[in-house]
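Architecture and fold: a report
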Amino acid sequence: MALQGAAVAEELVFYVNGRKIIEKNADPEQMLLSYLRKRLCLTGTKYGCGGGGCGACTVMISTYEPASKKIRHYSANACLLPICSLYGAAVTTVEGVGSTKTRIHPVQERLAKCHGSQCGFCTPGMVMSIYTLLRNHPEPTSEQMIAALAGNLCRCTGYRPILDACKTFCKESICCQRKANGKCCLDRKDDLFDNEEKVSTSLFSTDEFQPLDPTQELIFPPELMRMAENQPKRTLVFHGDRVTWISPVSLDELLDLKAAHPKAPLVVGNTSVGPDMKFRGVFHPVLIAPARIPDLNVLKYTNDGLTLGAACSLSLVKDILTNAIAEFPEEKTRVFCAVLQQLRTLGGEQIRNVASFGGNIISRKSTSDLNPVLAASNCMLNLASRGQKRQIPMSDIFADGVGNNTITPEEVLVSIHIPYSRKGEYVAAFRQAPRRENALPITNAGMRVLFEEGTDIIKDLSIFYGGAVLTTVCAKQTCETLTGRHWNEQMLDEACRLVLKEIALPGSADGENVDYKKTLMVSFFYRFFLEVSQSLKTMDPCHFPGIPMEYGSVLQDFKTRMPQSIQIYQDVGLSQSPQDPVGRPIMHQSGIKHATGEAVYIDDLPSVDGELFLAAVTSSRAHAKIVSIDTSEALKGAGVFDVITVRDVPAANEFYFFDDPEIIFARNEVICVGQIVCAVVADSNVHAKQAAAKVKIEYEMLEPVILTIEEAIKHNSFFEPKRKLEQGNVDEAFETVDNIIEGEICIGGQKHFYMETQSMLAVPKGEDEEMDLYVSTQHPAIIQEMVAASLGVPANRIMCHVKRVGGAFGGKILRTGLLASVAAVAANKTSRAVRLILSREDDMVITGGRHPFIAKYKVGFMNDGRITAVDAKYYVNGGCTPDESVLVAEVSLLKMDNAYKIPNLRCWAYVCKTNLPSNTAFRGFGFPQSGLVTETWITDVADKTGLSPEKIREINMYKKNEQTHFKQKLDPQNLIRCWNECMEKSAYYSRRTAINEFNKQNYWKKRGIAIVPMKFPFGVSTPYLSQAAALVHIYTDGSVLLTHGGIEMGQGIHTKMIQVASRELNIPMSCIHFCETSTTTVPNACASIASAGTDVNGMAVKDACQTLLERLQPIIKKNPTGTWNDWIKEAFKQSVSLSATGYFRGYNEYMDWEKGEGHPFTYFIFGAACSEVEINCLTGDHKNLRTDIIMDIGCSINPAVDIGQIEGAFIQGIGLYTMEELKYSSEGVLYTRGPDQYKIPAVCDIPEQFSVSLLSSSQNPYAIYASKGIGEAGFFLGCSVFFALRDAVTSVRNERGLNKTFALNSPLTAEQIRANCADAFTDIVREDLLISTTQMLQERKVRMKCKGMLDNLLPHITLNNFI
Ligand SMILES: Cc1cc2nc3c(=O)[nH]c(=O)nc-3n(C[C@H](O)[C@H](O)[C@H](O)COP(=O)(O)OP(=O)(O)OC[C@H]3O[C@@H](n4cnc5c(N)ncnc54)[C@H](O)[C@@H]3O)c2cc1C
Ligand code: FES
Ligand code: FES
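Thresholds applied
Residues numbered from 1 in each chain as written. Chains lettered and ligands numbered in written order. Predicted model: local features only at pLDDT ≥ 70, side-chain atom pairs only at ≥ 80, totals over all residues. Heavy atoms only, no water. Axes fitted to C-alpha atoms, helices over the stretch in contact; angles between N-to-C directions. Helix = DSSP H or I, 4+ residues; strand = E, 2+ residues; numbered from the N terminus. Parallel < 35°, antiparallel > 145°, perpendicular 65-115°, else oblique. Left-handed = near helix turned anticlockwise from the far one by under 90°. Contact = heavy atoms within 4.5 Å. Nonpolar A, V, L, I, M, F, W, Y, C, P; charged D, E, K, R; others polar. Core = buried A, V, L, I, M, F, W, Y, C linked by side-chain atoms within 4.5 Å. Buried < 20%, exposed > 50% of the residue type's maximum accessible area, 1.4 Å probe, protein only. Near = heavy atom within 4 Å. Polar contact = N/O pair within 3.5 Å; in protein donor to acceptor, adjacent residues only side chain to side chain. Areas by Shrake-Rupley, 256 points an atom, 1.4 Å probe, with all protein chains shown as cover. 1 Å grid on protein atoms, 1.4 Å probe; cavity = no way out; pocket = protein on both sides within 12 Å on 5 of 7 lines; lining within 4 Å. Points joined across faces, edges and corners; volume = space filled by probe spheres on them. Expected span 1.5 Å × (residues − 1). Pairing = 2+ DSSP bridges.

This part takes up the packing of helix α33 (residues 1093–1118) against helix α34 (residues 1124–1133). Closest axis-to-axis distance for the α33/α34 pair is 10 Å, and the angle between their directions is 110 degrees. Classified by the angle between their axes, α33 and α34 sit roughly perpendicular to one another. Here α33 and α34 pass one another in a crossing that is right-handed. Across the interface between the two elements, Leu1112, Ile1115 and Ile1116 of α33 pack against Trp1124, Trp1127, Ile1128, Glu1130 and Ala1131 of α34. Taken together, the residues of the contact of α33 with α34 break down into seven nonpolar, no polar and one charged.

As structure tokens, this is what we get:
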């Protein structure tokens, strides 16, 4: 059937939140997310990545199946869901779940009240995942709950409070009940109440929660049920501008369509076709949607197995296999178990709910987790084309690689047959990914062996790998060679060698390490060997010895469990008025709005009349001259309004904050990939992007291209000034020490990955050159300054407004200023409102991140562990412009001592100028890097002296009132208290003993533990950078409007400021409202950075409130029994001003870099963390078992907010130190551009036991209400996980007699862990590499006839690389 013959275009009918939607012009290219947000103005569903990787856009889809009369509810990512696939479905978004205008749903209420939202950008997605689970399981298990959240990312909270909210719905207790009295081991309330201070362990009260009442939910629309039951199914056709969607109802019809349109893809879940069309420029004019065809949805048990329709969702397959495993004998279900094993961690639930079984197979992606195991298990594919049906073994489709045409374009996969396993047959599947869940695998495998009956003689063997080459690959020759062999170690040895020989891995194209993949391939086979050996023993213990006891644990994969957690803080005193909110765990002021989706972010602002959308055109070269820019094709694009270039900038295009400029548009030359060259403005996001892709830029490459620190050193490419600090006499001290070590560590960069990408809306006001700018920024004043300078207007014409920011972490300051200037220049030129919302991909490519470091150190120490001399050099990759890199380098020097007194210390910092996007501020500002270096040399000293790292830490820790290396006074009393409490609360020594015991009993799994102290100096080193102002109005009805210069980006600053105002004015928080931060209300506000927001703005708010109260005093005195409203009315009558500004001058901080001394910090935050991990030595995978944190934050203004900051920062720190890895091509192009490639911590990464205690009785005379700024400090403590991993690796190396000294870089990924746990498998890979390199060189030698040179080279390579 040709397209022309298909039915006429349909109206698309579906429901959204109980409302019927009839879409007459459904566009097959339109995804539900943009439809909800732009067409229906339902902006609660958020854009985070557009590719299914973050869960911010989660919605619930409900469908009705008339045959079974069942309604199915499932979560899905709206960003990948074509609206055309929704015919007859009901969509529920966060707005449909509950709202402040109607009724808040218990999920929304509990998430907010359990403090599960910070910036709130991920919260609607979280709500929808939990809500959907509860619709299907009103009393879920904690396992179901954890699985439901695997596909949702949060960059702020560290997940603990979200899971706390989830637990309140789970039926079982999550307490470990390990204590003798049946109590949870984390419940230390009893021990704590012995203390004099009253401490609390609850941040919320469950008594407040409304019960979950499933009868209150939106019902499935009866009209859709009637439609499904009464209307015969018919072909649906939707025509868009460029694409046609055809959804047939019978197999014959489908086969006709396929014959007519062989190139048209079948779209079921759109999780493969969608990303290809969105991100890789693939275009399909016709899309065929076969999901409604019964043949493609079959479920049939036959004598020899199970047949499943190709359109079955992966979730359905998972459920079916789970049921089958419960029903059939174990012997028959080994294939099912192996497939299920992969399905558990494949994608997130939102992906599995829509992605089809057939789609996963037919995409033939190398990363398919199912194909290796299905192929190894002899699954069969049932194919059909017009007039023909056939069955082929699954393995055939991979026989000759990807381009293989075993399946013709006209053919359709109807169903998949999964066989039962047989007696003597064993099947297994393995995978290793950069993150345990919701991450595509690096390498995976499916393996099957069948033995001659009653023996260990191999009758049939199949081994398939994924991730190795472009598609799934079979180790066919290996399997053939090994057939007939006994299942023993000789076979194992040969298998590994054969596999490596047979599966040739191409050189690394996208920065992946080939060695690691090879190691995984053989390690997986070894794991299979162990599993099968153990099974043989179970079958016949007399003949088969099984495996040694200490090998057993490696057969268990790490599982994600609902973590147990506790938070301990000091309660407010009994004398405190119940109305006074200071010191109490008050919910985030916007918490409920976050959870209902009513909190407004930039892209949620309604569109302005005539608004244009801007798409940036960025450089694809790292360093080049711009020869020409051809915009002619772009200007012809649909909906295009204009192209904006540097010529359109009325005034400043370059900003000189340091010697080199920050640049809005590249003028003649580009200096990094991702630099903005020009921009297209069009009537929609889609049109702007399409046109941007048509701008042609011709380049002429310039030399040098400097990407790395090493290259910058080679070319002497640095930003000035270079910095140095020195105390004592370092050179002399090195003369007198017992030992000297020298080392080097590389620390990779980190992307901010705020969930709300860079966003801004510039609205020209039409007169006096005024412009409103709505920007997601931490620093409205700099945006105002930069935009005014670029437009050449005074700052008083630019009004910058910030309601809230969906995460920033330092990344929304200068970079945002440049982007806002781009939008403002476009708005100025076109006289239209211009909206610029970066896609995740553009955001990652255009903006920089945390600075990569290379540190070289020389440490002199005595045999007893005293470190007396340190000389350290830090090389910082600043990127292509200065930004704040020199300041970052300075802070890294000022904080490098961490908790230690080193009498003779010299440190240097050099900022390298490279051709990467400019790196910028990021939580911790240089300390996370220099602190890691310090803890690394501490650990090196421990290795060398034979003392434990904690002993070295104790020996060298600041102990009494002392001076830092820049001569600032320091009282370390609370540092020592934190350390001691952490030691005690974590039961460090007894756990160390238990870990040693565990490690003795387990060969392939090891545990490690580390405890790390922290001194985090608070301050910005420059007095005027900590000034702050506030403005408080009291209206005649008694309500108060509060504003100040701080930005709400998740850290709860507005909540705390309302707490401050409430205490000062002695009125309930409910009387006080915060509207927005704006340059019109508070001018010249400093950036919300460096943990200082609450400190400085709190002082200003307090000042304003005190001024007002002073004015009211005479009236209050006269009428002491009056109410607040009485006083305010009276004040108005007496013409008392009810508006006041408040001001804080800032801290007296300074630093003299010439002298190397000063007082750059006002006070110190102290802390300590102890973390325990377990590693799998065969894969490098690890699990975070437990973390205990003690933090001295003075008197917390809001313990819920502060603990949230500590936990969120800690988990972000785990990200930096153990998983977030940026990969660039050798031309400076970033590969890791979204959540698919760049892995931030997810639910599976939080410690199974997680405790945070705030140090009691700590006062701070320098900040408001004796509190301390806490936004950044927790980040560094994430390195306790790094050192726990190092500890585990050390025990592996000690046991294997490997070299005691070894270097680990950050992030300490699975790849590095595996490489450092050297064993026979890493050896065999090295040998293989040696052989192939040698062979390659030999061949080249012959070819090139270049004998002399290569003769020299060969031994060199052998020596350097392999011995
Ligand atoms: C965020 C994310 C995470 C993921 N994580 C993983 C992971 O961890 N492991 C993993 O293995 N996969 C993963 N995937 C891939 C996912 O499993 C596949 O994309 C999915 O199974 C494809 O099914 P679909 O229905 O969405 O395919 P579609 O995109 O709808 O179609 C895919 C292709 O298959 C073809 N096709 C589909 N059905 C048929 C049929 N019946 N006959 C012939 N051709 C057909 C289509 O023509 C098309 O070319 C992930 C995907 C995303 C987006
Ligand atoms: S926006 Fe849809 S998953 Fe990220
Ligand atoms: S609260 Fe989750 S991303 Fe900010």
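Back to the text.
To continue, consider the nonpolar core. Core analysis: the largest hydrophobic core is formed by 245 residues, its most contacted members being Tyr465, Trp487, Phe525, Phe528, Ile867, Trp937 and Met1191. With 13 residues, the single largest contributor to this core is helix α18 (residues 514–539). Excluding residues that lie within four positions of it along the chain, tyrosine 465 makes contacts with Pro372, Asn444, Ala445, Met447, Thr471, Thr472, Val473, Val499, Ile503, Met521 and Phe525. By size, the runner-up hydrophobic cluster in this structure holds 75 residues, among which are Leu36, Phe238, Val335 and Ile361.

What follows concerns the site of ligand 1. With respect to spatial proximity, 33 residues lie near ligand 1, and among them Val268, Thr271, Val273, Ser356 and Asp369 are the closest. Within the contact set of ligand 1, an oxygen atom lies 2.7 Å away from a backbone nitrogen or oxygen of valine 268. Glycine 269 places a polar main-chain atom, nitrogen or oxygen, 2.8 Å from an oxygen atom of ligand 1. When the free accessible area of ligand 1 is taken as 980 Å², the share hidden by the protein chains comes to 91%. Secondary-structure elements contributing two or more residues to the shell around ligand 1 are α14 (357–362) and β14 (412–419).

Another aspect to go through is empty space enclosed by the protein. Evaluation of the coordinates by the stated rule reveals 11 cavities of 30 Å³ or more. Approximately 210 Å³ is the volume attributed to the largest cavity. Around the largest cavity, the lining is made up of 17 residues, and of these Ile663, Gln675, Arg815, Leu818 and Ile846 lie nearest the centre. For the lining of the largest cavity, the secondary structure elements donating two or more residues are β24 (662–663) and α25 (814–830). The element that contributes the greatest number of residues to the lining of the largest cavity is α25, accounting for four residues. One number sums up the size of the second largest cavity: a volume of about 110 Å³. Taken together, 16 residues form the lining of the second largest cavity, with Gln1027, Cys1086, Ala1087, Val1096 and Asn1097 sitting closest to its centre.

Compared with the 20 Å implied by 1.5 Å per residue over 14 residues, the 20 Å span of helix α4 (residues 123–136) between its first and last C-alpha is a close match. Among the 14 residues in α4, 12 count as buried, and that is most of the element. Within α4, the full set of buried residues consists of Thr123, Pro124, Gly125, Met126, Val127, Met128, Ser129, Ile130, Tyr131, Thr132, Leu133 and Leu134.

Next up on the list: the sheet that holds strand β32 (residues 798–802). Strand order in the open sheet formed by eight strands is β22-β26-β20-β33-β30-β31-β32-β43, with mixed pairing between adjacent strands. Two strands close off the open sheet at either side, each with one partner strand: β22 (640–644) and β43 (1077–1078). Strand direction decides the pairing type here: β22 and strand β26 (residues 676–682), joined by four bridges, are antiparallel. Along β26, the bridge assignment pairs valine 643 with valine 680. Strands β20 (612–618), β22 and β26 of the sheet are contacted by helix α21 (residues 685–692), whose axis makes an angle of about 25 degrees with β20. Contacting β20, β22, β26, β30 (759–764), β31 (771–775) and β33 (834–837), α25 crosses the sheet at an angle of about 30 degrees to β30.

Now for the sheet that holds strand β41 (residues 1040–1044). If you trace the four strands from one edge of the open sheet to the other, you get β42-β41-β40-β44, paired in mixed fashion. Edge strands, defined here as strands with exactly one partner in the open sheet, are β42 (1072–1074) and β44 (1139–1144). Ignoring which end each strand starts from, the neighbouring axes of this sheet average 25 degrees apart. For strand β40 (residues 1028–1034) and β44, the ladder comprises six bridges, and the chain directions are antiparallel. Paired with alanine 1028 across the two strands is phenylalanine 1144, which belongs to β44. Against the sheet, helix α32 (residues 1053–1065) makes contact with β41 and β42, and its axis sits at roughly 125 degrees relative to β41, the strand it touches most. Across the sheet, α33 is in contact with β40, β41 and β44; its angle to β44 comes to roughly 140 degrees.

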